[in-house]
Amino acid sequence: MYDRATLHIEPFTGADDTATAKDMAATAKGLAALLCDAVQGGASLGFMPPLSTDTAYGYWQSILATPPAELRLWIARAEGRIVGTVQLSLCGRANGDNRAEVQKLMVHSDWRGQGIAARLMAAVENQARRLGRGLLYLDTEAGSGAEGFYSALGYSRVGEIPDFARNPDGQLRPTAIYFKRLGDAGTPRPADSAETAPFTIRSACAADAAAIAAIYNPYVLDSVITFEETPVSVAAMADRISDTLAAGLPWLVAERDGQLQGYAYAAKWRARSAYRYALESSVYLAPTAKRLGLGSELYRCLLARLREIGCHTVIGGIALPNTASVALHEKLGYRRVARFEQVGYKFERWIDVGYWQLHLDVGPQD
Ligand SMILES: CC(C)(COP(=O)(O)OP(=O)(O)OC[C@H]1O[C@@H](n2cnc3c(N)ncnc32)[C@H](O)[C@@H]1OP(=O)(O)O)[C@@H](O)C(=O)NCCC(=O)NCCS
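Residues numbered from 1 in each chain as written. Predicted model: local features only at pLDDT ≥ 70, side-chain atom pairs only at ≥ 80, totals over all residues. Heavy atoms only, no water.

1. Thoughts on the site of the ligand
The immediate surroundings of the ligand are formed by 25 residues, with Arg72, Val283, Arg291, Gly295 and Ser296 found nearest. Here an oxygen atom of the ligand sits 2.9 Å away from a polar atom, N or O, in the main chain of leucine 285. One of the side-chain nitrogen or oxygen atoms of asparagine 322 is found 2.9 Å away from an oxygen atom of the ligand. Contact with the protein chains hides 87% of the accessible area of the ligand, taken as 920 Å² for the molecule alone. Within the residue set of the shell around the ligand, elements represented by two or more residues are strand S11 (278-285), helix H7 (294-308), strand S12 (313-320) and helix H8 (323-331). Split into classes, the residues belonging to the shell around the ligand amount to 13 nonpolar, seven polar and five charged. Per-domain counts for the shell around the ligand show at least three residues from each of domain 1 (4-181) and domain 2 (200-359). (Near = heavy atom within 4 Å. Polar contact = N/O pair within 3.5 Å; in protein donor to acceptor, adjacent residues only side chain to side chain. Areas by Shrake-Rupley, 256 points an atom, 1.4 Å probe, with all protein chains shown as cover. Helix = DSSP H or I, 4+ residues; strand = E, 2+ residues; numbered from the N terminus. Nonpolar A, V, L, I, M, F, W, Y, C, P; charged D, E, K, R; others polar. Domains from an automatic or database assignment.)

As structure tokens, this is what we get:
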């Protein structure tokens, strides 16, 4: 049995601006080895054995480049290897926004029978709910062991389509179609795994400074997301938190299993008094907490607090490019209002900053 602490199931987030070509190639290589193992073992995954590593690698390169609006991917890692994966294909048709297809669930032959597939499926269902997808469906070779697995997870068998795909011997085999209604789409389901356990959002205190600095400082050192260039000490971070709270502004943190996973806070947009109804919002997550809806949840809570304190308008400044941050701000209703060119200089290059703004319709009226 694997040690639960060593198994990590993460949504794939690499196809953004921060992933290096080397990271992407390593991920595609690990997934290719997994796919070759599964196809070699007779799994019906769209390929015929023998599957070459090159073909498998090419397949994963195209999957990793698919926009998240169309396809979500989860990767299970243990002992430094990729040991499982699953995909969720989001129907893009105007009338199909309630459904998504579960595809290419696979666990390496050395790691089967240990609940990894069930944990991957829990991650899929949790995210599907967050995305408002109330219906999941899938197909699997009729008569295969996977049928019992999906039934045990509550999927209903619709029927079979004959002669659907060839097995490794070249014979045509039927496929069985399954579906599951998630029912409470939009509400994250509490789950038992660390990766899918719910987050708790609360107000920060100075004692959170070390954990917050641990999340923030890698962005200082390795990215242009923030224009700070020197890591922030725990004492300085504690001062920032205390100053923010003392000014009556919110600083929220998100925890899971007692570990701080992310934070969001508001700051004055500018110091002069007539700017007093305008605030700036910021959010930072630990890398393993990305793409789980946490950024959205933190921002929703932050915006609710900003309305309560009478903030009229909120501004997000984004060093460009930053696909994830732009997507998050626009999802929450912020609209792009400006782009200043070459205002930052970090890692020996110029950086533009875009500004996104959301009117909260509170505060004094004209
Ligand atoms: C920006 C950040 C907070 C987003 O948090 P998150 O929890 O990953 O975001 P969510 O899961 O709530 O996703 C919000 C939306 O953005 C989209 N999104 C998130 N990351 C994305 C990415 N890398 N590429 C494309 N879209 C992305 C999601 O699809 C989602 O939209 P949907 O619900 O319509 O599918 C997180 O990536 C982060 O901490 N980044 C580093 C710090 C940073 O950039 N902070 C902002 C400084 S301006």
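2. Thoughts on the packing of helix H5 (residues 209-222) against helix H6 (residues 234-246)
It is the contact of H5 with H6, at a shortest axis distance of 8 Å, that shows an interaxial angle of 105°. The orientation of H5 with respect to H6, classified from their angle, is roughly perpendicular. Here H5 contributes Ala209, Ala210, Ile212, Ala213 and Tyr216 to the contact with H6, which in turn contributes Val234, Met237, Ala238, Arg240 and Ile241. When its residues are assigned to classes, the contact of H5 with H6 shows nine nonpolar, no polar and one charged. (Axes fitted to C-alpha atoms, helices over the stretch in contact; angles between N-to-C directions. Parallel < 35°, antiparallel > 145°, perpendicular 65-115°, else oblique. Contact = heavy atoms within 4.5 Å.)

3. Regarding the pattern of salt bridges
Evaluation of the coordinates by the stated rule reveals 11 salt bridges. Residue glutamate 297 is joined to arginine 300 by a salt bridge in which the shortest nitrogen-to-oxygen separation is 2.7 Å. One end of the pair is glutamate 297 and the other is arginine 300, both in helix H7 and three residues apart, which spans about a single turn. Glutamate 308 serves as the salt-bridge partner of arginine 305, at 2.7 Å between the closest nitrogen and oxygen. Highlighted residues: arginine 305 and glutamate 308, both in helix H7, separated by three residues, approximately one helical turn. Under the relative-accessibility criterion, arginine 305 is labelled partly exposed at 31%. (Salt bridge = Lys/Arg side-chain N within 4 Å of Asp/Glu carboxyl O. Buried < 20%, exposed > 50% of the residue type's maximum accessible area, 1.4 Å probe, protein only.)

4. Some points on the sheet that holds strand S7 (residues 172-181)
If you trace the seven strands from one edge of the open sheet to the other, you get S1-S2-S3-S4-S5-S7-S6, paired in mixed fashion. Edge positions in the sheet fall to strand S1 (8-11) and strand S6 (156-166), since each has one partner strand and no second. Here the average twist between neighbouring strands, direction ignored, is 25°. In this sheet, S7 lies alongside strand S5 (residues 135-141) in antiparallel orientation, the contact comprising seven bridges. (Pairing = 2+ DSSP bridges.)

5. A look at the environment of leucine 7
Turning to its location among the elements, leucine 7 is positioned in the segment before S1. Residues leucine 7 and glutamate 79, 72 residues apart in the sequence, show an inter-C-alpha distance of 7.7 Å.

6. Digging into the domain arrangement of the protein
Here the protein is described as being made up of domain 1 (4-181) and domain 2 (200-359). Here the C-alpha centroids of domain 1 and domain 2 sit 34 Å apart. At the junction of the two partners, domain 1 supplies 10 residues and domain 2 supplies nine residues. Taking both sides of the interface into account, the surface hidden between domain 1 and domain 2 amounts to around 850 Å²; carbon and sulfur atoms contribute 51%. Linking domain 1 with domain 2 are zero salt bridges. Inspection of the region where domain 1 meets domain 2 yields one residue pair in polar contact (both at pLDDT 80 or more). (Buried area = accessible area lost by both parts, 1.4 Å probe.)

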